[in-house]
Structure formats: structure tokens, C-alpha cells
Amino acid sequence: GGLEIWNEVDLINLPAEQFVPTFKTVRYALRHAGIDTPVSPVFASMNKAYFTLGAQNGLLDEADFISIHYYGSPLGLESYISGFRSMLKENGHEAKPIWITEIGSPWEGKSGTPPTAAQQAETALTFAGDAAEARACGIAGYFPFLYVDYSEKGSQNFGMLDGHGAPLRSMAVYAAAVRLLNATTYLGDLKTEGAREIQRARVFSSTDKSVIVTLYTGKVDPKATVSLPVPVSEVRGADGRLLPGTSSGAVPIPDGFGYVKMAKADLDGYLIRDTPAAALTASSQGADSVVPASSVVLQPLLDPTISASSHGYLLAQGMDTFPLHLRINNLSDESRTVSVKVSSGTAISPVTVAPHAGTIVASTVTVASLPADAQGTRRLSIEATSPQMKIAPAALALIPDIGLEERLKKASYQFILPIAEVNRWQANASGKMQFTHSPDATWGFKVVFGEGDHWAYPRFTIPQEASLDKTDAVLVRARATGARVCLMVWDSKDKMTVTPFPIIKDDGEWHVSYIPIDSFMGNGGHDPHPGADIRRLSVGLNSEAAQNGLEVSDIYLLGN
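With 56 residues, the main nonpolar core has Ile 66, Phe 84 and Ile 100 as its most contacted residues. Among all residues touching Phe 84, those that are not within four sequence positions of it are Phe 43, Ser 45, Met 46, Phe 51, Ile 66, Ile 68 and Ile 98. If you look at the next biggest cluster of nonpolar residues, it comprises 38 residues, including Ala 480, Phe 501, Leu 537 and Leu 550.

Rendered as C-alpha cells:
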């Protein structure tokens, strides 16, 4: 049905222009061979900087759809989808189909051990809620994770079958969702008249005269019932089984999720059509096009002397020029003549590239000559032309180390966190942690790890005086050696999100990192300041070594 080229490319911690040439090459090979299978990239997280850079390299122009993964609460799925739809719109592809190719919920237990009845019920609840939300939000392809029995890290278990191949409750729930929702159309949400237990009530057209409403309470309770303002003709559990009504007219919802059938004529006055999910469905139904596959692919080459991340190239202080090395790949059976121009105005002499070969051209680009965004990131755009064909562009993101003071000048709102107040920090590590730092740091820690994963992410409680509703980014000045240093945040519901990329280079030197919150924590595009929902944060690390440490001089909340 579709082909994903690479998996979770945003987690590789290389900028997008390193992946996109692979995507373009595989797509050309397929189309040249007469294979029209739709192709997509796969995103594990809402990394806006990576997504945008990919788009500037032509990724969305070439992709038939985009594939995303999600493992959060069903209640957060609408916002997550909205975030991707917003990024698609910003890059000229609002109606690009979205497929969810991994979604679900693991259960904890020894690898190979079947889940308990309670664990199956909770997993099935997530599967059911996710399916209804995806259907309501206009998702074009939906693939829960995972069909077969599968374990990770010896304790996280997935699968709709157990180790013997017997179906689990999640399989029954998924089958019911396919059977009951596949041919339906989302109409809106049902007004539930103060039934606070109901957190979602999605209405789907079933026939000309009836609708199916999916009810989600998020709580498994065999005795639970809810009251609805509209008469119900049929009630089914999350697995599709018929449930008896009650003498009082209350609707049973023992699984935390259920299906109810009612007459479409009875919805008058009780249907909310103007919902975020309805807007997502509408935006997914527009037209989106892809460009023809090109036999010439531009491939910017990595410079091993310059630190790279998923956001771009981290330039050292004082680095005024950037050495561009570009490989021009010719995948066709004929020679191609190609001219290259970069955004600084530099033109590279035309080159002739032999069939099935590549030619490397080079140029030195003055960093200050490149256009900069509000965060100071410089964009190096590369255009190529050929008399024989159209060539997709390439682009690089250059991130100068402009220092703490320059970063602060760019922010209209700034709040320095009192990280020296040790009482605000809570130890959180897989080993023994000690808060300690050298005189030129404000805060830090050392940790000696035990068995298993080596991680340390102490939690900092943000003061009430901070204006989170004005916060767009976190600014950190830190240093570490031989560790992957990341920013972690917890929201108002204590859900944790971590940057899928390291925020500083781990060379033992001080580095300043500006981390836009929307580069790793999606808010669905509804709040202009995505920091509004953050309550705690951590600057921590993952380490290969048995002991390690981190020092921080400053952490700021910034906004514009």
C-alpha cells in the first residue's frame, strides 16, 4: 500500500538535507522502474526545525504522504495531528495525506509474559480511543503497533497477539474499530449535557438515518454508566460486543470506550459541527500534488570538522565562512549539464555529470550574507538548473554560536530561572546523583550509574512568577563531556517530552543552546506561545560511561 523510506529520520540527529537525497534517489528508482507505490518519510516527533528544513529541500514536494508515529494519550492525538497539519500548511502542502504507521500502548512486564486482564483492558482502551480520534481527524492511513508479539528493553511489551499467536483484547478492539468506523464520515461532536465523565463524544454517519457515536471516558470501570440527551438504539463495548441497556436509560460504558447508535434525526440541537477535528478533516480533503521524480539529485556533503544536529550545523564562535561541498548525482543513462547558484549570490561554473555518476563542486559561503530567521539561524539555499530537466533544490541551516548576550537581545520576554535554588531540583536518575558544580557554573550534578540505561534528568520546578504564556523557547548555557545532553519538560498533566536531539556539543566546553519549544513539543498550532503548558523542566544527559556529570551556568525562558 505504501513505502516508508527510512524510519524516524528526525531521530538520527543529522540535518534533513542528509536524508532527503536518499528519499529522492529511491523515489526516482521506483518511478523509473514503473513502480507507482506511494512513498513517504517517517517522523517520530514534532521536530519543527527538521520538518521545515526537509520541506526546503523538496521533501514535501516529492512525498505522496507523510507518516507519523504516536504513543501518547488519545486525548492528545488531535493536537498532535493538528501540529503536523499546521507545519504542512506553513510549507505549502496543507492537504498532504497523513498516515499514522505506529500508534498504540505497551504494557510493562517481563519479556514474553502475557499481559494481565487489567493490562489488556487498559491497552485496549488506548487502541480504541486512538482509532476513533484518528478517524475523526482525517487520517488517511492507520496502522496500530504491533500485530505480532514484540518486546523492547526486556520490559516494554507490544502486540495484538501473544507469544503463542493468540489474539489479545487489543486485536478485538482494533477489528471492531475497522468494522464499525471504516465506511463512516465524521460529522462533529455530541453535546453531552454536562456528563463530565465523557471526555470525547465523536459522531460518525453510519447510514442515511443513523449515526454511531464513540464515547471515551478514559477509565475502565465495569459498573460505569453515562447519561445522554439523545435516545440510544444500540450500545456496544470497545470490542464491538452488544451491551444491554439499563432500566434507568443510562448507557453502560464498562471499557472506558464504547459505541452507541442513534437516529440522525434526533441530533438536532445536539451536534457540534465546528470542532478542531472537523477542521482537520476538511483540510485533509483538499488537493495536493507531487513533482515528477528527477534524475539529478543534489547532495550536500557533511563536513566532519563541523558539529551537526537535526536542527542544522552548529557553527563555532567566530566562524565567518562555511565550506560548502555539494555532490551532483546523475541517476540517468545520459550526461547532464548542471549550473548551481547559492543564496549568497555565488554561482558555481556549470559542470557536466556523466551517467550514473556524481561530481563534487565546492564553494566558500560568507555566513553573514545569508538570510537569518528570528532565532538567528542562517539559511543556505542551493538552486540548480539544467537544460534537460528541472532539479529539486537543496538547503542547509547554519546555526551560529552567537553567545548568551546576543540571544537575549533577540527576546522581548526573558526570565532567568533560579537554578541555584537546590530545593527546586528533584533528583531523577538511574544511578546515585550528587548536586555539585565548579565555581564558574551555577548548578550541576555528578552521577554514578548502576545497571541498565545510564540517564540522569533531575527535575526543576518553574517558579510561579514565570510568564509561561509568553514563553516560546528555552535558552541554556551548559557543558558536558561524552554525554548526550537533552532538554526535558513536563506539562500540566505531568506528561514528559524530551528533545529528540542533543542541545549542546559534548566536548567539555561551554555552549549556548536556543531550543524553540515547538521544535520538540507540539501544541497543535492553537497557542502562539507553546510554553504555556510547561510546569517542570530538566537539563540532563544519557551516558555510555559508568559515571558522568553536567554543569549549567544559565537557563532562561524566552519569548517574542
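There is more to say after this.
Here we take up the environment of Glu 102. Mapping Glu 102 onto the fold places it in strand S5 (residues 98-103). Not counting residues up to four positions away in its chain, the partners in contact with Glu 102 are Asn 7, Glu 8, Ile 68, His 69, Tyr 70, Tyr 71, Phe 143 and Phe 145.

On to the sheet that holds strand S24 (residues 357-366). Pairing in this open sheet of 3 strands is antiparallel, and the strands run S18-S21-S24 from one edge to the other. Looking at which strands have only one partner, the edges of the open sheet turn out to be strand S18 (296-300) and S24. Neighbouring strand axes in the sheet, compared pairwise and without regard to direction, differ in orientation by 25 degrees on average. With 5 bridges connecting them, S18 and strand S21 (residues 321-330) associate as antiparallel partners. Counterpart to Leu 298 in the pairing with S21 is Ile 328.

As enumerated under the stated definition, the model contains 19 salt bridges in all. For Glu 421, the salt bridge identified is with Arg 424, shortest N-O distance 2.9 Å. Judged by relative accessible area, Glu 421 falls into the partly exposed class, the value being 35%. One salt bridge connects Asp 494 with Arg 536, and the closest N-O pair in it is separated by 2.5 Å. Within this pair, whereas Asp 494 is found in the loop between strand S35 (483-491) and strand S36 (496-498), its partner Arg 536 is found in strand S38 (residues 534-543), the two being separated by 42 residues in sequence. Accessibility expressed as a relative area gives 47% for Asp 494, which makes it partly exposed. Each of Glu 78, Glu 133, Asp 189, Arg 200 and Arg 202 takes part in a single network of salt bridges with overlapping partners.

What follows concerns the sheet that holds strand S8 (residues 150-152). Reading across from one edge, S6-S9-S8 is the order of the 3 strands in this open sheet, with antiparallel pairing throughout. Of all strands in the sheet, those bounded by a partner on one side alone are strand S6 (107-108) and S8.

Turning our eyes to something else, we now look at helix H7 (residues 276-284). Listing the buried residues of H7 in full gives Ala 277, Leu 280, Thr 281, Ser 283 and Ser 284. Each buried residue of H7 sits inside an arc of 165 degrees when the element is viewed along its axis, so together they form one side. Structurally, H7 contributes buried residues whose contacts are with helix H4 (74-90), helix H5 (117-136), strand S10 (185-190) and strand S11 (200-205).

The geometry of two aromatic rings is summed up by the distance between their centres and the angle between their planes. Enumeration over the complete set of coordinates arrives at 21 aromatic pairs. Each ring, one from Phe 257 and one from Tyr 259, has its centre 5.1 Å from the other, and the planes form 85 degrees; the classification is edge-to-face. Taken together through their ring pairs, the aromatic side chains of Phe 43, Phe 51, Tyr 70, Tyr 80 and Phe 84 make up a single cluster. One Lys or Arg, Arg 477, reaches over the ring of Trp 510 and ends 4.4 Å from the middle of that ring. Positioned above the aromatic ring of Trp 490, the side-chain terminus of Arg 536 is 5.3 Å from the ring centre.

Let us look at the pairing of strand S23 (residues 347-353). Two elements, strand S22 (residues 336-342) and S23, share 5 bridges in a ladder whose sense is antiparallel. Across the sheet, Arg 336 pairs through a bridge with Val 353, a residue of S23. Counting the residues in the hairpin turn of S22 and S23 gives 4 residues, including Gly 345, whose phi is positive at 95 degrees.

This part covers unusual backbone geometry. Cis geometry marks the peptide bond from Phe 145 to Leu 146; its omega dihedral reads 20 degrees. With respect to the element layout, Leu 146 can be found in the loop between strand S7 (141-142) and S8. Located in the positive-phi region is Asp 494, a residue other than glycine, with phi close to 65 degrees.

Attention now moves to the side chain of Ser 67. Position of Ser 67 among the secondary structure elements: in strand S4 (residues 66-70). Of the residues examined, Ser 67 reaches a relative accessible area of 0% and is grouped as buried.

This part covers the side chain of Asn 548. Secondary-structure assignment places Asn 548 in strand S39 (residues 547-559). Asn 548 gets classed as buried once you look at its relative accessible area, which sits at 14%. At a separation of 3.3 Å, a polar atom in the side chain of Asn 548 contacts the main-chain carbonyl oxygen of Thr 481. Look past the residues within four positions of Asn 548 in its chain and what remains in contact with it is Phe 445, Lys 446, Val 447, Phe 449, Thr 481, Gly 482, Ala 483, Leu 541 and Ser 543.

Rules used throughout
- The written sequence of each chain sets the order in which its residues are numbered from 1.
- Totals for whole chains, interfaces and linings use every residue, but because this is a predicted model, local features are given only for residues with pLDDT of at least 70 and side-chain atom pairs only at 80 or more, for both listing and counting.
- To obtain the side-chain values, all non-hydrogen atoms of the structure were included, while hydrogens and water were left out.
- Side-chain atoms within 4.5 Å are what join buried Ala, Val, Leu, Ile, Met, Phe, Trp, Tyr and Cys residues into a set we call a nonpolar core.
- Burial classes follow relative accessibility: with a 1.4 Å probe on protein chains only, a residue under 20% of its type's maximum area counts as buried, one over 50% as exposed, and anything between as partly exposed.
- For this analysis, residues touch if any pair of their heavy atoms sits within 4.5 Å.
- The helix count covers DSSP runs of H or I at least four residues long, the strand count covers runs of E at least two residues long, and both are numbered beginning at the N terminus.
- The rule for pairing is simple: two strands pair if DSSP sees at least two bridges between them.
- For helices, the axis comes from a line fit to the C-alpha atoms of the stretch in contact; other axes are also lines fit to C-alpha atoms, and the angle between any two N-to-C directions lies between 0 and 180 degrees.
- Salt bridge criterion: a side-chain nitrogen from Lys or Arg within 4 Å of a carboxyl oxygen from Asp or Glu.
- The arc in question is the one spanned by the directions pointing from the helix axis to the C-beta atoms.
- Note on aromatic pairs: the rings of Phe, Tyr and Trp (six-membered ring only in Trp) are paired at centre separations within 6.5 Å, and the planes decide the class, stacked below 30 degrees, edge-to-face beyond 60, tilted for the rest.
- By definition here, charges over rings are those cases where NZ of Lys or CZ of Arg is within 6 Å of the ring centre and within 35 degrees of the ring normal.
- Two N or O atoms form a polar contact when they lie within 3.5 Å of each other; inside protein one atom must be a possible hydrogen donor and the other a possible acceptor, and for residues adjacent in sequence the pair counts only when both atoms belong to side chains.

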